[in-house]
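Fold and contact review
Residues per chain are reported as follows:
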There are 2 protein chains.
Amino acid sequence: MAIKPSISKGTRDFSPADIAKRNYLKAVLQEQFECYGFQPIATPTFEQLETLMGKYGEEGDRLIFRILNSGEKLKKANTEALSQNKLKAFADSLSEKALRYDLTVPFARYVAQHQNELVFPFRRYQIQNVWRADRPQHGRFQEFMQCDADIVGVRSSLQEIEMLRLYDSVFNTLGLHGVSLKINHRGLLAALAQAIGAPDQLIPFTVALDKLDKIGFDGVVEELLQRGFDKNVVTQLQPLLQLKGTAEEKLKQLAAILPASTQKENALTELQWIFEQLQDQPMQTVTVDLDITLARGLNYYTGMIVEVGAPKEIKMGSIGGGGRYDDLTAAFGLKDQSGIGISFGFDRIFLVMEELGLFPKEVLKTTQVLFLNTDEKGAAWALKELDALRRKGVAAEIYPAPAKFQKQLRYANGKNIPYAVIYGSQEQEQGHFVLKNMQAGSQQEYPIGTALASIL
Amino acid sequence: MAIKPSISKGTRDFSPADIAKRNYLKAVLQEQFECYGFQPIATPTFEQLETLMGKYGEEGDRLIFRILNSGEKLKKANTEALSQNKLKAFADSLSEKALRYDLTVPFARYVAQHQNELVFPFRRYQIQNVWRADRPQHGRFQEFMQCDADIVGVRSSLQEIEMLRLYDSVFNTLGLHGVSLKINHRGLLAALAQAIGAPDQLIPFTVALDKLDKIGFDGVVEELLQRGFDKNVVTQLQPLLQLKGTAEEKLKQLAAILPASTQKENALTELQWIFEQLQDQPMQTVTVDLDITLARGLNYYTGMIVEVGAPKEIKMGSIGGGGRYDDLTAAFGLKDQSGIGISFGFDRIFLVMEELGLFPKEVLKTTQVLFLNTDEKGAAWALKELDALRRKGVAAEIYPAPAKFQKQLRYANGKNIPYAVIYGSQEQEQGHFVLKNMQAGSQQEYPIGTALASIL
C-alpha cells in the first residue's frame, strides 16, 4: 500500500530555489571566512556519545538525538532501568553515538585530536548542520545549519577585532545594512557581580541577566532575589545597567563606579583598545556598541562577548554571537588554549535577507536555452547544437519528446528558461531556426549555421 | 576527567586540504548538472521510519541507522519482543525516524509530496551524505557522500543519451580520462532469462549474474543451478555471455540468437538508437560498450542500465552507475512515472583523482599574505593594509602577537602562505616595507604607500 509522503516534524525539504539562495549565502560566508585566513574543516554527523554528553548542560543532554544501537547490541538494553523509570540510563544502554548538537564541541574534539597536524593559532571555519530534539516552532528546526569561525591557541585582542570585522565584511558583502553588534566582557560582569557582593555567583548572575530582554529589569531583580541575592545590593544594579552615552563614555563611568580589581582593569583596557581601533578604522556597515547587560548563556566564555542584532525594521532575535573562551579543549586533554569564536545564524540571516529582498535575482538562474522537440530531423539538429552550447558552459536542454509546442513552452516558462529554440518542418524548409525570447514574447529567425552561443 | 578524543568508526574528520579538494569536485559536479538543466534539491537527514523501511531489502533494512526516541516515548519499549529475541520489533518500538540511507527513496518521496509544485519532466540533482551501518573497510564508510541526477516523468531514449553524456562531460571537465561506461538493458536480461527457460526468474537470474566479476562464469553457473535453474539451459548461456566485437556487432548477434519477444525487440531498438547517437556525436573522453553480463543489483531498474568503470590503471570498483526505472514513486502514491537516474560515487572518484594527481594545485590556495607582527606602530600600519587588501578580496592575516620572526615565518610556511610583509622598526625608519616571497626565499623593499594588491 502506498504511504502518504511526509517528512519528520522540524525538518525541511529544500526546493531548487531554496538551495540556490542558500548556496549564495553559504558562498559569501565561505569567501569572507577565507579572506580572513580561516580554513574549513568538517566533522562527522554523529560522534561518540561520551564526546557530546555533559557538555551542554542537563537541558542540552536531553535534546541530543541519539542513534539506536543495531543488531545484537540491542540485547544489552537495561530493562531494569526502564522499569525503575530511569530513562537516561535506559537510553544509555541503547546507544553509543549521537548526532552533532553544535559545532563547538566537535571542534574542540578535533583540535585536541589533530593538535600535531595543525598550525597554531588555528583559524578554522565550519558550516554544517546540527540537530536538536527541540519542539519545532516558527523559525526553530530540529535540523538547521550553523556557521562558526574560531581562532584557537592565542590570547590577543587583535583577534577580537578580527572577529568584529569579519561580521562587518560578511554583512557588507550581503548588502545587509543596519546590523548592530553589542559587545560586553565577562570580566566586567564579574566586576559587577563583585560590586553587588556576590563574586562567587557570576553564573547565576549572568543567567538571570541574560533574560533582561525577555523579562525586563524587574523580572531580573525578582530572579536574583529568588536566587538568594541581597535586596539592597540588587537595587544598586539599576544605574549600572542603565548607563547612557557612547561606548567610551560608558567605559569611563564604569571605571569610576566599579570597585578596583584586576578583572575590571583588564576588561576595561581590552574594551577601550577595541573601541579605539574601531575609531581608527571605522566599520563598513555594522554599528558596534557596549551593552553592559549582555550576558550570553554559555558558561565557557571568559572574555569579550558579542551578540548580533538584525536591522531594527525586522522582528527577529539575534542573528549571531560569540566570544572569548579559555580551555574549551581541556575536556579532551589539551589544556591552556585560549580561543575566540563567533557564529552566524544561517537560517535566521536567510529569513532576514528574504524579507528584505536581498537575494540577487541571478542566483535563481536556471537553464538558459530549451530546444523544442519538433520532429526527428529537428531533434537531430538540436542534439548537436545542445552539445555545442554545453561545451561552452551554457546550460541547455532539449524537451524529451515531440509534444505540442504549447506544452513544451509551458515547461520553459515553468522552469524560468529565458530562451526557446524552434527548428520545425517549416524552419527546416526555409533553412533557419527561430530563437524565442520567453519573457519578451518576441522571436527572431537566424540562418542555420549561426552560432547560438553568440546570439543569447 | 579528560576524554581521549576520537571519532566513531567508519566516520571521518576532514582537514582543510580534504575540504578544498572535495569542494572542487563538488563544484564541477554541480556546474555540469546545472549545465544539463538539472536543479538541486535537498531532503532532511532523517526521514520517518516508514518512508525508508522495506525499500532496500532485508539486508538494507538492517543497515539503516535509527534514531532513538527521546523522553517519555521510551516507556513504550516493547520489552516482550526483546525477551523473545525479536530485535526488529524491539527496535521498532524505540524509534520513529532513521538516517537517510540513499538519495533515491527520499527523492521518490519528495516527488510524490511536491508533485503539484514541480515542472515535469523533473530533472533534479542531489549531493548529500548518506549513512549505512556497514562494517567499515578501506574505502567503505558509515557516512559518505552520494551525488545523483534523475529525470522523472518521461520515457524517451533521449534521456538515456543525456545521462551518458553527463558522465562524459563530468569526467572530461575533471580531466579524468580512461573511464569506461558499460551499458545493458533489463529487457535483454529478461529475454536471456526467457531463452534459458526461466522467464519468471529474472531477479534471481540477475542477482547471480551480478556476481560474474567476483565469482567468475563457473560460479554464476553454480549459483544458478543452486537456485533451481536447469543445467542444460544454463550451459547454453556461455556463448551469449561471451559475445565478441563492437556493440553493433553484439546487438546483431543477439538479434539473431535470442528468441523473438516484444521485450527483446524494444531493448534492441533502444540500444541500437543509443549507439547510433554516439557514432553521430562521439563522446569527449569516456568509452561506451555493451556488456550483456551487466546486471546491477537493484530490482527497480526496468530499462537501460549503466555502470562506470575507473581508468584501467586504477584498482577500484565501479565509480558510478544507474538506469531506467518505472514506478519508483508508486510507493508514495504517484503512479506511472518513468524515470532514469545516475549516480556518481563521490568518495571513490575522489580517491581515483587523488591517485592520479588530478586535483589542481590552486584548490589548495590559502591565505595570500601574512603581515608579521613587529611592534605597535608596525601592527597599526598592518591593520590598515590588511583591511584594504581584504576589501579587494585578497585573503590576508596578521600574526596575532609580536612573536619572534622565525616563529611567525614558520606559521606562514605551515599554512602555505606565499607572501609575508615586514614593517619593523628598521623599515619604519627607512620609510619602506619588505615583501618576502616565501617560496623563492627572496625579498624586496617597497616605499610606504605602495598599493600591496598591485605587487602580489
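Above this note sits the structure.
Model, not experiment: these values are computed from the prediction.

In this section: the interface of chain B and chain A. Tallying the contact residues gives 102 residues for chain B and 102 residues for chain A. Taken over both partners, the interface formed by chain B and chain A buries close to 8,500 Å², and the fraction arising from carbon and sulfur atoms is 60%. The interface formed by chain B and chain A contains eight salt bridges. Across the pair arginine 390 of chain A and glutamate 162 of chain B runs a salt bridge whose closest N-O atoms are separated by 2.7 Å. Counting across the chain B and chain A interface gives 31 residue pairs in polar contact (both at pLDDT 80 or more). Tallying contributions element by element places helix H1 (residues 16-35) of chain B first for the side of chain B that touches chain A, with seven residues. Tallied by class, the residues present in the side of chain B that touches chain A amount to 48 nonpolar, 31 polar and 23 charged.

What follows covers the packing of aromatic side chains. By convention here, two paired aromatic rings are described through the distance between centres and the angle between planes. Residues and elements named next belong to chain A. Counted under the stated rule, the structure contains 38 aromatic pairs over all chains. An angle of 40 degrees between the planes, with centres 4.9 Å apart, marks the rings of phenylalanine 33 and tyrosine 125 as tilted. One end of the pair, phenylalanine 33, is in helix H1 (residues 16-35); the other, tyrosine 125, is in strand E5 (residues 122-131), and 92 residues separate them in sequence. A residue is classified by how much of its surface remains accessible, and phenylalanine 33, at 0% relative accessible area, is buried. Geometrically, the ring pair formed by tryptophan 381 and phenylalanine 433 is tilted, given 5.4 Å between the ring centres and 35 degrees between the ring planes. Within this pair, whereas tryptophan 381 is found in helix H16 (residues 376-391), its partner phenylalanine 433 is found in strand E15 (residues 432-437), the two being separated by 52 residues in sequence. On the basis of relative accessibility, which here comes to 0%, the residue phenylalanine 433 falls in the buried class. Three or more aromatic residues joined by ring pairs form one cluster here, namely Phe33, Phe38, Tyr125, Tyr167, Phe171 and Phe344.

Rules used throughout
- Residues numbered from 1 in each chain as written.
- Chains lettered and ligands numbered in written order.
- Predicted model: local features only at pLDDT ≥ 70, side-chain atom pairs only at ≥ 80, totals over all residues.
- Heavy atoms only, no water.
- Contact = heavy atoms within 4.5 Å.
- Buried area = accessible area lost by both parts, 1.4 Å probe.
- Salt bridge = Lys/Arg side-chain N within 4 Å of Asp/Glu carboxyl O.
- Polar contact = N/O pair within 3.5 Å; in protein donor to acceptor, adjacent residues only side chain to side chain.
- Helix = DSSP H or I, 4+ residues; strand = E, 2+ residues; numbered from the N terminus.
- Nonpolar A, V, L, I, M, F, W, Y, C, P; charged D, E, K, R; others polar.
- Phe/Tyr/Trp six-rings, centres within 6.5 Å; stacked < 30°, edge-to-face > 60°.
- Buried < 20%, exposed > 50% of the residue type's maximum accessible area, 1.4 Å probe, protein only.

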